[in-house]
Amino acid sequence: MCGYDLLRTVYAVRFVYFLEVLIISAKDIPVNEQITFKEVRVIDADGSQLGILPIKDALEAAYSKDLDLVNVSPNANPPVCKIMDYGKYRFDIAKREKEARKNQKVIETKEIRLGLSIDKHDFETKGNHAIQFLKSGNKLKVSIRFRGRELGHPEIGLEIMARFAEYCQEYAVIEKPAKMESRNMLMFLAPKPTK
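What you see is a predicted model; the values in this text were computed from it and never measured.

(A) Inspection of the nonpolar core at higher detail. Of all hydrophobic cores here, the largest spans 21 residues; its most connected members are Leu114, Leu140, Val142, Ile144, Phe164, Cys168 and Leu189. Contributions of two or more residues to this core are made by strand 5 (109-114), helix 4 (120-135), strand 6 (139-145), helix 5 (154-167) and strand 8 (184-191). Contact partners of Leu114, with chain neighbours within four places excluded, come to Lys126, Val142, Ser143, Ile144, Arg145, Ile160 and Phe164. Among the nonpolar cores identified, the runner-up in size contains 11 residues, and Val42, Ala58, Leu59 and Leu69 belong to it.

(B) How the structure looks around the pairing of strand 1 (residues 39-43). Summarising the sheet, strand 1 and strand 2 (residues 49-54) pair through five bridges and their orientation is antiparallel. Paired with Arg41 across the strands is Ile52, a residue of strand 2. Between strand 1 and strand 2, which follow one another and run antiparallel, lie five residues, and Gly47 among them has a positive phi close to 100 degrees. With three bridges connecting them, strand 1 and strand 4 (residues 80-84) associate as parallel partners. In the sheet register, Ile43 faces strand 4, and the bridge partner there is Lys82.

(C) Quick peek at the sheet that holds strand 1. Pairing within the open sheet is mixed, and its four strands lie in the order 2-1-4-3. At either margin of the open sheet sits one strand with a lone partner, and together these are strand 2 and strand 3 (68-73). Averaged over all neighbouring strand pairs, the angle between strand axes comes to 35 degrees, with direction disregarded. With five bridges joining them, strand 3 and strand 4 adopt antiparallel strand pairing.

Parameters and conventions
- Residues numbered from 1 in each chain as written.
- Predicted model: local features only at pLDDT ≥ 70, side-chain atom pairs only at ≥ 80, totals over all residues.
- Heavy atoms only, no water.
- Core = buried A, V, L, I, M, F, W, Y, C linked by side-chain atoms within 4.5 Å.
- Buried < 20%, exposed > 50% of the residue type's maximum accessible area, 1.4 Å probe, protein only.
- Helix = DSSP H or I, 4+ residues; strand = E, 2+ residues; numbered from the N terminus.
- Contact = heavy atoms within 4.5 Å.
- Pairing = 2+ DSSP bridges.
- Axes fitted to C-alpha atoms, helices over the stretch in contact; angles between N-to-C directions.

Here you go:
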């Protein structure tokens, strides 16, 4: 990597960091001089109550301990502020949000396409793939595309869909039964709820 490319990369990283800080600070809670109330209820860093103080005295108390005054409950009467390390507080919140996102289960919809003249082996292969998708908790969209004169025989498609649903019945429930939509026949399967 030449010097010019390295310099561009460094500036790009700094710009992204600047945008992240800008986005985070835009939605942050009021801290120190951003707090505009005349009086606030103050909680010390160790959790003890200091009582209702004028904002000037509350800021002095926070600065004397080399910490920040953070507005933790702006809707209370009077608003509640806590003396704490604001950087550590933001880090803890970000860590909790990351953990919550990690524990979320994202359900995807996978698709299996069948044909009217599907062979037995191909049918079983696609059925096995469908079972794997369903076992991993994903929903399944089964489709058959009708071409040309095949449109005159939707009953064959219905028969294939019924056979496919029967093949997967141990792991799936029919969410939406087979239905024609223009040139396609669609059926939706959902994984059986686990006990």
